[in-house]
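Below, each chain spelled out in residue letters.
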Amino acid sequence: MGTGQRQFIDWFGDGSVAVVDLALACCAVETEFAVPEQARRVPTPPQGARLVAVVSGTLTDALSGIVKEEIDNLEASFVVSFGACACAGGPYWDAPSVTKGVDQLVAVDRYIAGCPPPPSALTAVLEEVRG
Ligand code: SF4
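Every value quoted in this text rests on a predicted model; they were computed, and no experiment measured them. (Residues numbered from 1 in each chain as written. Predicted model: local features only at pLDDT ≥ 70, side-chain atom pairs only at ≥ 80, totals over all residues. Heavy atoms only, no water.)

J.: Explanation requested: the sheet that holds strand β3 (residues 40-42) in the structure shown.
T.: Where strands meet in a sheet, backbone hydrogen bonds hold them as pairs that are either parallel or antiparallel. In space, the six strands of this open sheet follow the order β3-β1-β2-β4-β5-β6, with mixed pairing throughout. Each having just a single partner strand, β3 and β6 (110-112) make up the two edges of the open sheet. For this sheet, the mean angle separating the axes of adjacent strands, direction not counted, is 25 degrees. Across three bridges, the pairing between strand β1 (residues 8-10) and β3 is antiparallel. Bridge pairing links Ile9 to Arg41 in β3. The strands that helix α1 (residues 27-34) touches are β2 (17-23), β3, β4 (50-56) and β5 (78-82); relative to β4, the one it contacts most, it runs at about 145 degrees. (Pairing = 2+ DSSP bridges. Helix = DSSP H or I, 4+ residues; strand = E, 2+ residues; numbered from the N terminus. Axes fitted to C-alpha atoms, helices over the stretch in contact; angles between N-to-C directions. Contact = heavy atoms within 4.5 Å.)

Right, dumping it as structure tokens:
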């Protein structure tokens, strides 16, 4: 997940919304399934694109510093917490090593419930972001 490997998904293939998925665990399978056929993977966000950071999966305290740095560096205008783990720790909420939600680190614009949520839930949020 290091900066050198960062990849932006031009989600609709039209430069309107660029997504970075911070894929931490099983929810990332669902976010990958949500990527539409017309999407393009690009090394830098298209000019003028709305930048969206998605956190999908279980966040641990050991990883929290890296995830916060990634999101801060992105300067994303919209942050999505995808799935029960990213929202509040999910089934591991009582594990001492698990962070109880990405909003402990950064402001979250949209929480998507589920373990896991369906890919269509992310699609709906990103269509809303595009407007
Ligand atoms: S919410 Fe469920 S599916 Fe998603 S990362 Fe946590 S355990 Fe996996």
